[in-house]
Amino acid sequence: MYVRLPLGSAVSGGRSSQPPAARRPGAGTRSQSYCRFSVRSERTMSSVPVAVVTGSNKGIGFAIVRAMCKQFPGDVYLTARDPGRGQEAVAKLQEEGLHPLFHQLDIDDLQSIRALRDFLKEKYGGLNVLVNNAAIAFKVHDQTPFAVQAEVTLKTNFFGTRNICTELLPIMKPYGRVVNVSSMASSSALGSCSQELQKKFRSNTITEEELVELMTKFVEDTKKNVHEKEGWPNAAYGVSKIGVTVLSRIQARMLNEKRKGDHILLNACCPGWVRTDMAGPKAPKSPEEGAETPVYLALLPSDADGPHGQFVSEKTVQTW
Ligand code: NAP
């Protein structure tokens, strides 16, 4: 029997009245390896597994939602900062016979993040899978002053992603999976940092507060035009993704220290060079191909004990 509880107020979009395991092809077999909640025949609403993908109205995020709708035995939330673009994306997937749900989410807006958190707590009692995909990048020839590019890029890619993690990691359920979409640009930017900065970013003891200080310092240094003298590369996007990769290493360490028994796996990854609005039409990978590594990490089976705290590309752990 499937017990349906009252919906949280923030939801829009629709869901089938059937339990997710019954309406998704292949969900029955996958659910057994995924998580112990999903094999119960009697389930309350809060035992329905739930996945959230940030910035998923287009590009790689959209392809991640599509793949998750096919493979994840639970509710999959397509989120977007703009509800119109989000609903349009949901409609596209519905035309393909898929059933994503929608929730508004602007990762730059703490109120929006907290509204999603409260909704997930109330409707599902937490969260099973979080894919932090949303990000921005200025085009190479953009004439916006570098200091502005640095501030705007770090605001979304690093500080926005961190705010999501601050609010949503505490509600991750046991056997949860967290994927922070970073980029190989983080590795190349790391290689262009001073030896002193590289040592800090590779440290196994750096704290989140120290990382936040460093990311803030980068933005301040660009405003004073001393960032290169201070050992930073001329790459706002690359530095923002250093922040995402290092944040993931720190968060994984914290999970080991504080919630070891919950078996949550958290990783950063690169999707590859993918044909999207961000990367342009010349990139070799389709969005579906770009989604493969993030989806692999999002669906690591419940008996997996890794990867965890790694930077993963092409489903392979990379040296940081
Ligand atoms: P994209 O096509 O530009 O899509 C980015 C998505 O993020 C859009 O849905 C965008 O929404 C959303 N977004 C931006 N700011 C947001 C905010 N404040 N709140 C919520 N959503 C926000 O980019 P993509 O190529 O698919 O990139 C997806 C991820 O892969 C990013 O993390 C990117 O850095 C990473 N990545 C991409 C490549 C590549 O080759 N494409 C390579 C390495 C890493 P709007 O439509 O509202 O703008």
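Right, let's walk through the structure included here. (Residues numbered from 1 in each chain as written. Predicted model: local features only at pLDDT ≥ 70, side-chain atom pairs only at ≥ 80, totals over all residues. Heavy atoms only, no water.)

Remarks on helix H3 (residues 59–71)
Defined as follows: Helix and strand definitions here come from DSSP, where helices need a minimum of 4 consecutive H or I residues and strands a minimum of 2 consecutive E residues; each element is numbered from the N-terminal end. Expected span of a helix, by definition, is 1.5 Å for each gap between consecutive residues, and there is one gap fewer than residues. Buried means the residue's accessible area, taken with a 1.4 Å probe over protein chains only, is under 20% of the maximum for its type, while exposed means over 50%, and partly exposed covers the values in between. Any two residues whose heavy atoms approach within 4.5 Å are treated as being in contact.
Across its 13 residues, H3 extends 19 Å between first and last C-alpha, which sits within 8% of the 18 Å expected from 1.5 Å per residue. The buried fraction of H3 is high, at 10 of 13 residues. Of all the positions in H3, only Ile60, Gly61, Phe62, Ala63, Ile64, Val65, Arg66, Ala67, Met68 and Cys69 are classed as buried. If you follow the buried residues of H3, they end up packed against strand S1 (50–53), strand S2 (75–80), helix H4 (83–95), strand S4 (127–132) and helix H11 (287–298).

Re the pairing of strand S3 (residues 101–104)
How we decide: If DSSP finds at least two bridges between two strands, the strands pair. The crossover handedness rule: strands pointing away from the viewer, path from first strand over the helix to second strand clockwise, crossover right-handed.
Of the strand pairs in this sheet, S2 and S3 are connected by four bridges, and their pairing is parallel. Bridging across to S3, Leu78 finds its partner in Phe102. With respect to chirality, the unit in which S2 leads through H4 into the neighbouring parallel S3 is right-handed.

Quick look at the layout of surface pockets
Condition: Buried and open spaces are told apart on a 1 Å grid over the protein atoms alone, a cavity being a set of points where a 1.4 Å probe fits but cannot get out and a pocket being an open set with protein on both sides within 12 Å along at least five of seven lines. Residues with an atom within 4 Å of a point are the lining residues. Grid points are joined across faces, edges and corners, and a volume is the space filled by probe spheres set on the points. Each residue is assigned to one class: nonpolar for Ala, Val, Leu, Ile, Met, Phe, Trp, Tyr, Cys and Pro, charged for Asp, Glu, Lys and Arg, and polar for all the others, Gly among them.
Within this model, the largest pocket holds a volume of roughly 1300 Å³. Around the largest pocket, the lining comprises 48 residues; the ones closest to its centre are Ala135, Ile136, Ala137, Tyr237 and Met278. Looking at the lining of the largest pocket, the elements that each hand over two or more residues are H3, helix H6 (146–168), helix H7 (184–191) and helix H10 (236–258). Class assignment of the residues belonging to the lining of the largest pocket gives a composition of 23 nonpolar, 16 polar and nine charged. Approximately 320 Å³ is the volume attributed to the second largest pocket. Residue lining of the second largest pocket: 13 residues in total, with Leu169, Glu208, Gln251, Met254 and Lys258 positioned closest to the centre. Residues belonging to the lining of the second largest pocket are distributed by class as follows: six nonpolar, three polar and four charged.

Thoughts on the pattern of salt bridges
Just so we agree on the cut-off: Take a side-chain nitrogen of Lys or Arg and a carboxyl oxygen of Asp or Glu: if they are within 4 Å of each other, that pair is a salt bridge.
Scanning the model with the defined rule gives 15 salt bridges in all. Between Lys223 and Glu151 there is a salt bridge, and its shortest N-O distance comes to 3.2 Å. You can see Lys223 sitting in helix H9 (residues 208–223) and its partner Glu151 sitting in helix H6, a full 72 residues away along the chain. A single salt-bridge network, built from bridges that share partners, covers Arg114, Arg117, Asp118 and Glu167.

Scope: geometric values only; no functional claims are made or implied.
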